[in-house]
Structures are given as structure tokens and as C-alpha cells.
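# Report on the structure
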Amino acid sequence: MIMEEKWFGRIWTKEEETLINSVEKNSELFEDMLFSKDTISHSYIAVKSSCNNDDTWVDDEIAIPEQLEYFSYTFFDFHVQKIDNGSMGCFNMKKQSITIDPDYLHDEPTILHEMIHLHEYVLNELPLFYHDVYFYCLYKSLQSKIVDLDERIEAHGHLLNEQQLYSHGGLHDILFLLKSFDLDLKMGYKLGTVMGYGYK
């Protein structure tokens, strides 16, 4: 539990506790970004190992980086405060923190949006193939669920669109788009809800 860890002398406000509870409640939705067992990405670390050099093979998995194996939200900080630029939330890479504007504290899509940023930050700190493999897993899993997936990717990936999002302070690559769709489907939202920014 994050709240049990009072690191850096931080005392959580009631609003921050609400945010942390929401993050913890939704943490299972991000297990695939950690290559956890029983997720779409786990097959890429799953292997068979032989015991004692005989013909007996057991399920095993290759070692993954510590950032994934020992991932914990306690490595990050959480704030609820007014955001000057009018954003609903933001993830700060340098401070490794999620901040949610008080007006959006109970807006689950906003919190999920920032959680994608946090988890993608973790992936981006690793060799590129972790990002690529996860991207491919997501794409494969969504192909049969969203009929116009390729068209949506092409529209989102156009540099004009990316530049417009970036001008609002957001960096939302195609992996981010796919994970937002994955969460929309799992939460029963209309596609584009977690992405936000008026995405349709």
C-alpha cells in the first residue's frame, strides 16, 4: 500500500489519499505493462527450462529489469493541487510525480491517463525493445476489438496531430493511444475517453 510508505517525510492530505486509493484500485489494469503473469505481454518473457538436465521441462520466465520486477507506486509521488496551465492532470518525469487538479480528483479517466504516462515512463527508461514488444502485444490484442484501429492509428500518428497535442503540453505516442483504447474497452468507456483532449 502506498499510504503505508511515508517516504521523504511526506504526510498525505485527504485529497492525496483519495488519489492514491484510485491509483491502487486501478493498478491491475497496468500489469501488462510490467510483463506480469496472465497478461498479454507475459508470453514474451515465458520460457521452458529443463530440470537437472533431464527431459523434464517446467514453465519459467527470463529475468526482467528490476524496474519491472520490483515496480512499486511508492517510487512515485502524488499531489492534488491546482495546475496553472489549466490541465486536468500531469505526470512530471523529473519529479516522478502525478499531479491531479482538485476539480478532476474523482474523474477516473484523468487518473488513468496519467497512470499511462507513469508506466510508459518506466518502459522508456529500459532498452527500446521492451517498449516495442509491449506495443506489438497491445496492437495484436486490439486488432480484433476495434474495426478501424489502423485508421485511428494513422490519424493519431500524423505529425500535425502530434504537434497539436504537444503544444498543449502532452506527449502521446501511438503506444499511449493503444493503451488508452485498451483502458476504454476495459472500463466500458467510449473510445477516446482516457486519451482526452477532445479525441474522437
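This text goes with the structure placed above it.
This text gives an overview of the structure that appears in the document. None of these values were measured; they are calculated from a predicted model.

Turning to the packing of aromatic side chains, a few remarks are in order. Applying the stated rule across the entire model yields eight aromatic pairs. Arranged with centres 6.3 Å apart and planes meeting at 55°, the rings of phenylalanine 76 and phenylalanine 91 form a pair that is tilted. Placement of the pair is phenylalanine 76 in the loop between helix H2 (66-69) and strand E3 (77-80) and phenylalanine 91 in strand E4 (residues 89-92), with a sequence separation of 15 residues. Each member of the pair, phenylalanine 76 as well as phenylalanine 91, carries the same accessibility label: buried. Aromatic side chains phenylalanine 91 and tyrosine 121 sit 5.5 Å apart centroid to centroid with 55° between the ring planes, which places their arrangement in the tilted category. With phenylalanine 91 in strand E4 and tyrosine 121 in helix H3 (residues 108-124), the pair connects residues that are 30 residues apart, well separated along the chain. Assigned by exposure class, phenylalanine 91 and tyrosine 121 land together as buried. In this structure an aromatic cluster arises from ring pairing among Phe71, Tyr73, Phe76, Phe91 and Tyr121. The ring of phenylalanine 30 has lysine 179 sitting right over it, with the charged end atom 5.3 Å from the ring centre.

This paragraph deals with the packing of helix H1 (residues 14-25) against H3. Two elements in contact, H1 and H3, have axes separated by 10 Å at closest approach and are oriented at 70°. Accordingly, the angle class assigned to the pair H1 and H3 is roughly perpendicular. Crossing of H1 against H3: the hand is right-handed. Residues Leu19, Ser22, Val23 and Lys25 of H1 lie in contact with H3, whose contacting residues are Glu108, Ile111 and Met115.

Close approach of charged atoms lets side chains of opposite charge pair. Counted by the stated rule, this structure contains seven salt bridges. As a salt-bridge pair, aspartate 32 and lysine 179 come within 3.0 Å of each other at their nearest N and O atoms. Of the two residues, aspartate 32 sits in the loop between H1 and strand E1 (46-50) while lysine 179 sits in helix H7 (residues 174-187), which places them 147 residues apart along the sequence. Assigned by exposure class, aspartate 32 and lysine 179 land together as buried. One salt bridge in this structure joins arginine 152 and aspartate 148, with 3.0 Å as the shortest N-O distance. Overall, arginine 152 belongs to the buried group, its relative accessible area being 18%.

About the criteria used
- Residues numbered from 1 in each chain as written.
- Predicted model: local features only at pLDDT ≥ 70, side-chain atom pairs only at ≥ 80, totals over all residues.
- Heavy atoms only, no water.
- Phe/Tyr/Trp six-rings, centres within 6.5 Å; stacked < 30°, edge-to-face > 60°.
- Helix = DSSP H or I, 4+ residues; strand = E, 2+ residues; numbered from the N terminus.
- Buried < 20%, exposed > 50% of the residue type's maximum accessible area, 1.4 Å probe, protein only.
- Lys NZ or Arg CZ within 6 Å of the ring centre and 35° of its normal.
- Axes fitted to C-alpha atoms, helices over the stretch in contact; angles between N-to-C directions.
- Parallel < 35°, antiparallel > 145°, perpendicular 65-115°, else oblique.
- Left-handed = near helix turned anticlockwise from the far one by under 90°.
- Contact = heavy atoms within 4.5 Å.
- Salt bridge = Lys/Arg side-chain N within 4 Å of Asp/Glu carboxyl O.

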